[in-house]
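Chain residues, written in single-letter form:
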Amino acid sequence: MENRNGCKLVDLPESTRRKDRFSFTLLVVIIVLIPVLVESKYYLIVLNIIGLNTIVVVGLNLLIGFAGQISLGHAAFFGLGSYFSGILTANYGFPHWPAMVVAMLATGAIAYLIGYPALKLRGHYLVMATLGFGIIINILMGELEQFTGGHDGLIGIPPLSVGGLTFDNDLKNFYLIWAFVFFCMLVARNLLDSRVGRALRAIHGSEVAANSLGVNTSSYKVKVFVLSAMFASVSGSLYAHYITFISPSTYDFYYSIQVVTMVIVGGMGSLWGSLFGAAILSFISEALHVAKQYHIIAYGVFLSLILIFLPEGVLVGIQHFYQSKKLQRLIAVKTPFLLWFNRF
Amino acid sequence: MSNSDSILELVNVSINFGGLQAINRLSFQVESGQIFALIGPNGAGKTTAINMITGIYPPAEGEIYFEGQVLSGKKPYQVTRMGIARTFQNIQVFQNMTVRENVMVGLHTRSRSEFVRCLLHTPMVRKEERMIRRRCNEILEFMGLASKAGLLAAGLPYGDQKKVEIARTLATEPRLLLLDEPAAGLNLQETHEMSHTILMIRETGVTVLLVAHNMDLVMGISDTITVLNYGEKIADGSPAEIQNSDKVVAAYLGREPW
């Protein structure tokens, strides 16, 4: 490092990179170990759903947490991934991996068509555009019966396979889905720790300043929106091939709200928070099935509490608590006592 | 059209917001290597002039030339890519990022990797990232911010935030730097440091256009001064000439009734 005065330069980005390497290794270890520890098929299904949600949430967090734009239509992009994959493979006998790529590209193209005009305008026009779009797509899933199977759903979607290995049970799909989660998080981390990632965060910080530093802000906002839609599409394709049956009710407005909630609970702009938010809320949704129709109320109360007490998200909130002076003082006072206590 | 020595030239530029004529047929030339100051009372149109040069507002009439090329109609990010950088009167530091990251954003125009490359972290991205780190450290060193590189910009004192803004603009490697009120809100000591910094920047070959209120700063370091009042040029010349101009005194203090 160029340093003539001999003062030490704090190299923040490098240290986070090392920390990330540790976190990613830990993630792999956990992924490999979980099926050994979890024997119940039910929990394996929940974990798979968490994985699928994580992919959507990581993509959405790129948009919300880093570029500062909100989408209320991610259920539609998730659904487009499912339906493109499902229709191409079940109705037209398309090979599944290429179908998934086609689904991703087509969803990206559709996102571009919505994002381009909506993001040209200042203000939260993207929210309105995606809200309307999500509802329209959801209706089309039910109405375009000759392609989608209508409200009864689309059946007979083949499972994915690689070589001779077919992903036809929950355990195999667990490894497949979580391999995708790992890859998506890695790719998102790469983006954030790069020129483009910094430009996106700069847009969130001050759009006019980012623009004056040579960042084409409107183009970047559209691109990150498209990327975010593609993440959702990949997750949707995986879902379709895993469950092998899809119907419009999965992709309603409620799901769009759910993924936005996961981003907020996990922490806007926190990559690991996305995983955390998806995990917590997927579990809570499952647990709240007992409460039947009241589960939405409980869900709402939970979201309100998070927004009031931990506005930066649960994971980031906990981190801040650990770094807070109050806690450090507490430890400083208690540690000598504990050391003394341990002698007996 | 444009003089070979002049880096920036405004020719009869006008803009109005509704009924308000913010700038009226303004013309001036900034010579290469100068420190050029644009001064005037509140509401004279100084910041508006900067906003027009950088493409935030397109001028309603007239032309702006930078190194002989037409600027009018270019978007802010395109203007920056041509070699003009600016700071803001109300600080626009990226509060959510560290000092180092703020400067790294400034190097955006000096690198090319786009979305797909960055997602895959290709060797080209790594190479550029090393270049960005190295340049960033040089600039932090130059601005005396090296020891604060890892701190969040939001937590810095006002004077340091101004320095971060300037560091960030230097990273774009401008040939013309527009500073909007660099001394506003600074104390005497900090203003002195700012003068020094501006002179140092000029030493590196960058032409500086300064918009300011603070007469100590302007009179001390400018080569040429242009005075605006109600969107029109009322005087220009060297600091000594401006100080002795009756028109300027009248604009600032009001005309004596007798």
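Up top is the structure.
Residues numbered from 1 in each chain as written. Chains lettered and ligands numbered in written order. Predicted model: local features only at pLDDT ≥ 70, side-chain atom pairs only at ≥ 80, totals over all residues. Heavy atoms only, no water.

(A) Fine view of the interface of chain B and chain A. Contact residues are listed per partner, giving 43 residues for chain B and 41 residues for chain A. Across the chain B to chain A interface the summed buried area is about 3800 Å²; carbon plus sulfur atoms make up 60%. When the buried area of chain B at its contact with chain A is split by residue, B:H108, B:F115 and B:L119 rank highest and sum to 19% of it. Across the chain B-chain A interface, the total number found is four salt bridges. (Contact = heavy atoms within 4.5 Å. Buried area = accessible area lost by both parts, 1.4 Å probe. Salt bridge = Lys/Arg side-chain N within 4 Å of Asp/Glu carboxyl O.)

(B) Broad picture of the packing of aromatic side chains. Counted under the stated rule, the structure contains 17 aromatic pairs over all chains. Summarising the aromatic geometry, the rings of A:W97 and A:F180 are spaced 6.4 Å apart at their centres and angled 10° between planes, so their arrangement reads as stacked. Of this pair, A:W97 sits in helix α4 (residues 96-120) while A:F180 sits in helix α7 (residues 170-192), and the two are 83 residues apart along the sequence. For A:W97, a relative accessible area of 28% corresponds to the partly exposed category. Each residue in the set A:F78, A:Y83, A:Y239, A:Y251 and A:Y255 is aromatic and connected to the rest through ring pairs, giving one cluster. Above the ring of B:F94, the side-chain terminus of B:R168 is found at 4.5 Å from the ring centroid. (Phe/Tyr/Trp six-rings, centres within 6.5 Å; stacked < 30°, edge-to-face > 60°. Helix = DSSP H or I, 4+ residues; strand = E, 2+ residues; numbered from the N terminus. Buried < 20%, exposed > 50% of the residue type's maximum accessible area, 1.4 Å probe, protein only. Lys NZ or Arg CZ within 6 Å of the ring centre and 35° of its normal.)

(C) Inspection of the pairing of strand β10 (residues 232-237) of chain B at higher detail. Residue and element names in this part refer to chain B. Here five bridges tie strand β9 (residues 224-229) to β10, and the two strands are oriented antiparallel to one another. What sits directly across from L228, in β10, is K233. Hairpin connection, β9 to β10: the antiparallel pair is bridged by two residues, and Y230 has positive phi, about 45°. (Pairing = 2+ DSSP bridges.)

(D) Examining the sheet that holds strand β1 (residues 6-17) of chain B more closely. Residue and element names in this part refer to chain B. On the basis of which strands lie adjacent, the open sheet formed by four strands has the order β2-β1-β4-β5 and antiparallel pairing. Each of the sheet's edge strands pairs with one partner strand only, and the pair in question is β2 (20-31) and β5 (69-70). In the packing of helix α1 (residues 46-53) onto the sheet, the strands contacted are β1, β2 and β4 (61-66), and the crossing angle to β1 comes to about 115°. (Axes fitted to C-alpha atoms, helices over the stretch in contact; angles between N-to-C directions.)

(E) Molecular detail of helix α10 (residues 217-243) of chain A. Residues and elements named next belong to chain A. Under the 1.5 Å per step criterion, the end-to-end length of α10 is 39 Å for 27 residues, consistent within 8% with the ideal 39 Å. Across the 27 residues that make up α10, a large majority, 23, are buried. Note on α10: the residue one or two positions beyond its end, T244, has a positive phi of about 65°. (Expected span 1.5 Å × (residues − 1).)

Remember that the coordinates give geometry; whether it matters functionally is a separate question.
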